[in-house]
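Chain by chain, the residues run as shown.
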Amino acid sequence: STGVRHHYELDQVDSVEPLAPHTASLWSTLGVCARIGFVFRRLGHLVYRFRWPVIILWVALFALGLLFAPRVSDALKGGGYTLKTTEAAKGMELLQRELGYGQSSLTIVFSSTNLPADDPRFLSQVETALADLSRVKAVSKTITYASSGNPSLISEDKTTTYAIVMLDADPDTATSLLPEIQQNLRSSDLNMVMTGLAPVYADVVKVSERDLRKAEILGLPLALLALVVVFGSLVAAGLPVAMGGISVAITLALIYFIAQRTNMSIFVMNMVSMLGLGIAIDYSLFIVSRFREELRDKDVEQSLTRTMATAGKAVAFSGSTVFIGLMGLVTFKFVMLRSLGIGGALVVLISLLAALTLVPAILAVLGLRVNTLSIIPQRRLGGGFWQGLATTVMRYPGAIFIIVIVFLLATGSPFLRVKLGSPDASILPPDVPSRQGFDIIRQKFGTGELTPILIAIKSQNSIFAPGNIAALYDYTRAIEGYPGVKRVTSLVDLAPRLSKEQYQALYSQPFSNLNPQFLQAIQELSGDDTTLVQVTSGYSFTSDAAQELVKKIRATENPFETYVSGSTAENMDLVKGLYSGFPRVLFLVMGLTFLALLFLFGSVVLPLKAILMNSLSILASYGALVFIFQEGHFGSWLHFSPQGYVEASLPILLFCVLFGLSMDYEVFLLTRVKEVYDTSGDNTLSVAQGLRRTGGIITSAALIIIIVAGSFAISDIVIIKALGVGMAIAIFLDATIVRALLVPATMRLLGNLNWWAPSFIKKALGQKPLE
């Protein structure tokens, strides 16, 4: 056939079972699995028979989930972006071990409109405000202008100073110390605000919870409204929404217990809510929609078993592809990505189990009552629009293929300009205290003041030996000559007018001869064989210029064991660590997805085509991510300030989430196409029929995901906002342009080649080889 058959022919073949008899090889191990539809039909019978025990079990699990889900945020952490094996991490560990450098620090910013920051009365109030911090066991050191004499701690306009509070606790642990630190800060007439990693992490937890509530308040009613429009019935529409709530509650309770044994990122709550609501609603939507369709000419039990053998099977394989993608995140060593992988995989698994057991059990109880409380006339989703679209795509497949490919590549092209970075306080809204302190420091002291480059140096003998002092002098002078360096703080920069020889003589005499303030500075910078060189630049820590400076410093020759650390180096090591493991994840996710689709469809071509189509829609979302969040387009609409970079983990996160989600719609389309093809053997007819019968339901399901993910666009945390917007854009493109146009056009062009596989694979799967 070269076109679409008449309407009556399409309707006749839509629900016919495959007629071709199977050979004895069907009963080989793989052959039996190829009849997986029989397994799901049997599952439908069992759920129908034991519907009340199934419902009672899920109600009990939901009740338990409600007990522990509200406590999950207390068990989660705000960080998760560090890795202990990088050069930057090794440098920080050396500074902590040898120099007593705090594992983390707080920055307390003081300002006044009345007193200059170097006024004795101002400085006295600073010291008084900090005096009781020594009572906090984790506080190892407090550095102020008065204690160090460091002029860089006072702003040029003399209105602001800041104190650095070193802590013997990592940033995640330090967040629990903040209430005690706040209690031991004395009030003063000065304006005082706290910032630093621990306060930022604490505020991220608070704002994430607030964002989650806002997204759910917006997303759930809109999703319910969309389902009412799709189904016309409050009962049918309410069932998927209830499944979403049940899946999220049970998953969050499981996350609570997991977090008791391992670190879990606070962002897992947003991931679980976003994915759980979207996927649980989607899968329930597919099951309920097919059940209502089957009810037109079958009784309840027959409709349920037929639904499970078709839509149930498709849901199971779709869920497996999403699960595979999210498990790719678990392979990363970073806590944040691993947490999101665990949380996402769990919520997909719970949603899948609910869709395959609880939803059919409820449908078995409801029967025809699933259509009650109708407020909109029931409509069929395979109507005239999709019939017309199928006809058009089958008639002009080449032109549609070229236009869509060009459009997707153009949409993805901004990704060629991507700059990757790690988050700082700027991901928080401007009204949050830690963000306010960060902005004050950046405005008053410069973009690089809070993020200096830290160079940890270890020598084979005393760092104060004349040869080491001479080498250190040459090393620091080389660094001072690099563009963008504002200041170098080291043992050989404490008295700028001294020469190399004078520094050698200075450190050769007994330290008891030095004045106390100079001696204190030496002790803060050095141990016996270890010292710190601090480089302050005028660059933002995520800028290309700052990264070039770190590369130059790392390449600068010196005779010491040297580790370059600090925010810029950590960011560079983070990106390197993330993307060195990304190819492995790409191969794993794509390979396992290929095998799952090969097993489902018995074709080598269809899985390869599906992987290519998914990659194109993900590429388009990457381009949108750069265009919007890196370059700032639509920033006023989405209420954020562009950061000039894309958070480094977002492309990986989006790939692992979207690859499986996009495959959902591919599986549902191709499953329906294969139903017709197994009966008719007509590729064009089966593609047109599959598009006509699934176009409406796929679009409706995608709309739910877009609503749920898009509701996170109102988040105040930029990372969550970007994740929600990126997912919504990708799903929109995938369910409309890719799934409705590109996939059918490609299959029309490929013809019967779509269903090709080597004969040994066909034989193993119990299928007839393609002639």
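Residues numbered from 1 in each chain as written. Predicted model: local features only at pLDDT ≥ 70, side-chain atom pairs only at ≥ 80, totals over all residues. Heavy atoms only, no water.

This next bit is on the overall build of the protein. Secondary structure assignment for the protein yields 28 helices and 10 strands. Overall size of the protein, expressed as C-alpha extent along the three principal axes, is 100 × 50 × 45 Å. For the protein, contacts bridging at least 24 residues in sequence account for 81% of all contacts bridging at least 6. In the form shown here, the protein has an accessible surface area of approximately 30800 Å², with 61% of it arising from carbon and sulfur atoms. (Helix = DSSP H or I, 4+ residues; strand = E, 2+ residues; numbered from the N terminus. Contact = heavy atoms within 4.5 Å. Areas by Shrake-Rupley, 256 points an atom, 1.4 Å probe, with all protein chains shown as cover.)

Turning our attention to the sheet that holds strand 9 (residues 561-566). Strands belonging to one sheet form pairs held by backbone hydrogen bonds; the direction of such a pair is parallel or antiparallel. Pairing within the open sheet is antiparallel, and its 4 strands lie in the order 7-8-6-9. Of all the strands in the sheet, the pair left with one neighbour each is strand 7 (485-489) and strand 9. In this sheet, neighbouring strand axes are inclined to one another by 20° on average, regardless of whether the strands run parallel or antiparallel. Where strand 6 (residues 453-458) meets strand 9, 6 bridges bridge the pair, whose relative direction is antiparallel. Looking at the pairing, Ile457 lines up with Thr562 of strand 9. Packing of helix 5 (residues 87-99) onto the sheet brings it into contact with strand 6, strand 8 (530-537) and strand 9, and relative to strand 9 it is tilted by some 105°. (Pairing = 2+ DSSP bridges. Axes fitted to C-alpha atoms, helices over the stretch in contact; angles between N-to-C directions.)

Now for the packing of helix 13 (residues 300-330) against helix 22 (residues 567-601). Direction vectors running N to C along helix 13 and helix 22 enclose 170°, while the axes themselves pass 8 Å from each other. Here helix 13 is positioned roughly antiparallel relative to helix 22, judged by the angle of their axes. For the crossing formed where helix 13 meets helix 22, the hand is right-handed. Contact with helix 13, carried on its side by Lys313, Phe317, Ser320, Thr321, Ile324, Gly325 and Gly328, involves Val585, Val589, Leu592, Thr593, Ala596, Phe599 and Leu600 of helix 22 and no other residues of that element. Across the contact of helix 13 with helix 22, the residue classes tally to 8 nonpolar, 5 polar and 1 charged. (Parallel < 35°, antiparallel > 145°, perpendicular 65-115°, else oblique. Left-handed = near helix turned anticlockwise from the far one by under 90°. Nonpolar A, V, L, I, M, F, W, Y, C, P; charged D, E, K, R; others polar.)

Looking now at a nonpolar patch on the surface. A contiguous nonpolar surface patch, about 390 Å² in accessible area, is contributed by Leu218, Leu222, Leu225, Val229 and Ile714. The topology assignment puts Val229 in helix 10 (residues 197-231). Overall, Val229 belongs to the partly exposed group, its relative accessible area being 40%. (Patch = residues over 30% accessible without salt bridge, like charges linked within 9 Å, V, L, I, M, F, W, Y side chains within 5 Å. Salt bridge = Lys/Arg side-chain N within 4 Å of Asp/Glu carboxyl O. Buried < 20%, exposed > 50% of the residue type's maximum accessible area, 1.4 Å probe, protein only.)

Over its 31 residues, helix 25 (residues 650-680) extends 44 Å from the first C-alpha to the last, a length consistent with the 45 Å expected when each residue adds 1.5 Å. At Leu658, helix 25 is deflected by roughly 25°, the largest bend along its length. Within helix 25, 28 of the 31 residues are buried, which leaves the element mostly enclosed by the surrounding structure. Remark: Gly681 follows helix 25 within two positions and exhibits a positive phi of approximately 70°. (Expected span 1.5 Å × (residues − 1). Bend = angle between axes of the 7 residues up to and from the residue.)

What follows covers the packing of aromatic side chains. Inspection of every chain in the model, using the stated rule, returns 16 aromatic pairs. Arranged with centres 6.1 Å apart and planes meeting at 50°, the rings of Tyr473 and Tyr503 form a pair that is tilted. Of the two residues, Tyr473 sits in helix 18 (residues 466-480) while Tyr503 sits in helix 19 (residues 500-508), which places them 30 residues apart along the sequence. Centre to centre, the rings of Tyr503 and Tyr507 are 6.3 Å apart; their planes meet at 10°, and the pair counts as stacked. Here the residue Tyr503 and the residue Tyr507 both occupy positions in helix 19, the gap between them amounting to 4 residues, near one helical turn. (Phe/Tyr/Trp six-rings, centres within 6.5 Å; stacked < 30°, edge-to-face > 60°.)

This next bit is on the packing of helix 22 against helix 25. Where helix 22 contacts helix 25, the two axes come as close as 12 Å, and the packing angle between them is 10°. Between helix 22 and helix 25, the interaxial angle falls into the category roughly parallel. Contact residues: helix 22 offers Leu578, Tyr579, Phe582, Val585, Leu586, Val589, Met590, Thr593, Leu597, Leu600 and Phe601, while helix 25 offers Pro651, Ile652, Phe655, Cys656, Phe659, Met663, Val667, Leu670, Thr671 and Lys674. Here the residues of the contact of helix 22 with helix 25 sort into 18 nonpolar, 2 polar and 1 charged.

With that settled, consider the environment of Thr305. The topology assignment puts Thr305 in helix 13. Sequence separation between Thr305 and Val47 is 258 residues; the distance between their C-alpha atoms is 9.2 Å. Those residues within four positions of Thr305 in sequence are excluded, and the remaining contacts are Arg41, Gly44 and His45.

Evaluated as defined, the whole model comprises 30 salt bridges. Note that Arg186 is salt-bridged to Asp132, the shortest N-O span being 2.9 Å. One end of the pair, Arg186, is in the loop between helix 9 (178-183) and strand 4 (191-195); the other, Asp132, is in the loop between helix 6 (120-130) and strand 2 (139-143), with 54 residues separating them in the sequence. Classification of Asp132 by relative accessible area gives buried; the value is 12%. Each member of the salt-bridge network shares a partner with another, and the members are Arg290, Glu294, Asp297, Lys298 and Arg306.

Let us look at the pairing of strand 8. Counting buried residues in strand 8 gives 7 out of 8 residues, a clear majority hidden from the surface. Alignment of strand 6 against strand 8, held across 6 bridges, turns out to be antiparallel. What sits directly across from Ile453, in strand 8, is Val535. Pairing of strand 7 with strand 8, which is carried by 4 bridges, proceeds in the antiparallel orientation.

All right, on to the confidence of the model for the protein then. Any residue range with low pLDDT should be treated as having predicted coordinates unsuitable for detailed reading. Summary statistics for the protein give a mean pLDDT of 83 and a share of 92% for residues scoring 70 or more. With pLDDT under 50 throughout, residues 1-34 is counted as low confidence; its partners more than four residues away or in other chains account for 54 contacts. (pLDDT = per-residue confidence, 0-100.)

The next thing to look at is helix 13. Of all the bends in helix 13, the greatest, near 40°, is centred on Met308. Taking burial as the measure, the 31 residues of helix 13 include 24 buried ones, the bulk of the element.

Once that is clear, we can look at the sheet that holds strand 4. Ordered by their spatial adjacency, 4 strands build an open sheet running 2-3-1-4, and the pairing between neighbours is antiparallel. Both outer strands of the open sheet, strand 2 and strand 4, are each paired with one neighbouring strand and no more. Sheet twist, expressed as the average angle between the axes of neighbouring strands with direction ignored, equals 20°. In this structure, strand 1 (residues 104-111) lies alongside strand 3 (residues 160-167), joined through 8 bridges in antiparallel fashion. Within strand 3, the position partnered with Val109 by the bridge is Tyr162. Relative to strand 1, helix 6 is tilted by about 140°, and along the sheet it contacts strand 1, strand 2, strand 3 and strand 4.

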